[in-house]
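# Working through the structure, step by step
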Amino acid sequence: MAASMAVERLSAFYGSFQALADITFPIHPAAVTAVIGPSGCGKSTFIRCLNRLHELAPGARISGRVLLDGVDIYDPAIDPARVRQLIGMVFQKPNPFPHLSIYDNVLAGIRLHHSRIPKPQADDIVERSLRAAALWDEVKDKLGAPGSSLSGGQQQRLCIARALAIEPEVLLMDEPTSALDPIATYHIEELIAELKRRYTIVIVTHNMQQAARIADYVAFLLAGEERTGRLIEFDTAEQIFTNPKRRETEEYITGKIG
Ligand SMILES: Nc1ncnc2c1ncn2[C@@H]1O[C@H](COP(=O)(O)OP(=O)(O)OP(=O)(O)O)[C@@H](O)[C@H]1O
């Protein structure tokens, strides 16, 4: 069963600067939730709060709660490394280790947690993860080639395979297609549609058409003059794109602001 998440009164800070204020909404299991909003409204900050990457920035902290299946991932008893294992992340720019082979790239994350994996088990994890990332057929005959030998879209699917190898319950994606061409973007969108059957997915995107194509739910964030991002509207994608309740949402999705 895919996990559910929820954010409750989440605020995020960099030192004295408040990047996000008082954000509350549910993240439904086995569905795609898109986080949209103009540049600088705090989308990346938000998604990084969901797996405790935010706190690694100097002076960064949060208040509020982030629940994974009802458990607060910021509870002092919870190990942040375990959180990042359960809640995987894929970044904007495909970032495979360029000199590592495709095979070793898939295992790179898992090796942080398990020092020795027997070869048959490693082979199995590599094949399963590459299949899940819809990359197996393209690379199965060159698993020893460096990650950098792949196209941008293939590299991004390799990063998705690396994230899936550690068996997360939730997959976070921060603008995963913004560095890719339209065909590679199409492949990643198809893959997301497939992955949401098993995983809970949160994606940051600048691209309204993309959000409309792939999201089940949408959270729209907006920052005012003080640059603090707030949740303007959360709803099903259908509602947000056909009949938003707030004027600001309508202005954003029709291109009048942002
Ligand atoms: N490490 C940091 N230290 C201080 N302020 C930061 C840091 N990272 C981001 N910010 C600030 O936090 C705010 C939100 O930034 P964030 O990158 O989360 O926005 P975003 O919506 O993802 O932007 P974009 O769409 O341009 O990527 C901005 O005002 C930004 O300048």
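Source: prediction; values computed, not measured.

Next up on the list: the packing of helix 6 (residues 152-165) against helix 7 (residues 182-195). Contact geometry for helix 6 and helix 7: axes closest at 9 Å, N-to-C directions at 25°. Taken as axis vectors, helix 6 and helix 7 run roughly parallel relative to one another. Between helix 6 and helix 7 lies a crossing of right-handed hand. Facing helix 6, whose interface residues are Gly152, Gly153, Gln156, Arg157 and Ile160, helix 7 presents Ala184, His187, Ile188 and Leu191.

Another point: the site of the ligand. The environment of the ligand is made up of 13 residues, and the closest members are Tyr14, Ser39, Lys43, Ser44 and Thr45. For the shell around the ligand, the elements supplying multiple residues, two or more each, are strand 2 (17-27) and helix 1 (43-49). At 3 residues, helix 1 tops the list of elements feeding residues into the shell around the ligand. Partitioned by chemical class, the residues of the shell around the ligand number 5 nonpolar, 6 polar and 2 charged.

With that out of the way, let us pick up the UniProt feature "domain: ABC transporter" (unreviewed entry) in the protein chain. The UniProt feature table records "domain: ABC transporter" (unreviewed entry) at residues 5-253. Secondary structure over residues 5-253 splits into 37% helix and 27% strand, and the C-alpha atoms at its two ends are 25 Å apart.

What follows covers helix 6. Helix length check: helix 6 (14 residues) gives 20 Å between terminal C-alpha atoms against 20 Å at 1.5 Å per residue, within 8%. Summarising burial for helix 6: 13 of the 14 residues are buried, a large majority.

Along the polypeptide, Gln210 turns up in helix 8 (residues 208-214). By the C-beta count within 10 Å, which is 21 here, Gln210 ends up buried. Each C-alpha atom, one on Gln210 and one on Lys119, is 39 Å from the other, the two residues being 91 residues apart in sequence. When sequence neighbours within four positions are dropped, the list of residues in contact with Gln210 reads Thr177, Glu189 and Thr205.

Reading guide: rules and limits
Residues numbered from 1 in each chain as written. Predicted model: local features only at pLDDT ≥ 70, side-chain atom pairs only at ≥ 80, totals over all residues. Axes fitted to C-alpha atoms, helices over the stretch in contact; angles between N-to-C directions. Helix = DSSP H or I, 4+ residues; strand = E, 2+ residues; numbered from the N terminus. Parallel < 35°, antiparallel > 145°, perpendicular 65-115°, else oblique. Left-handed = near helix turned anticlockwise from the far one by under 90°. Contact = placed C-beta atoms within 7 Å. Near = placed C-beta within 6 Å. Nonpolar A, V, L, I, M, F, W, Y, C, P; charged D, E, K, R; others polar. UniProt positions renumbered as here; feature names shortened; annotations may be inferred. Expected span 1.5 Å × (residues − 1). Buried ≥ 20, exposed ≤ 12 C-beta atoms within 10 Å, placed from the backbone.

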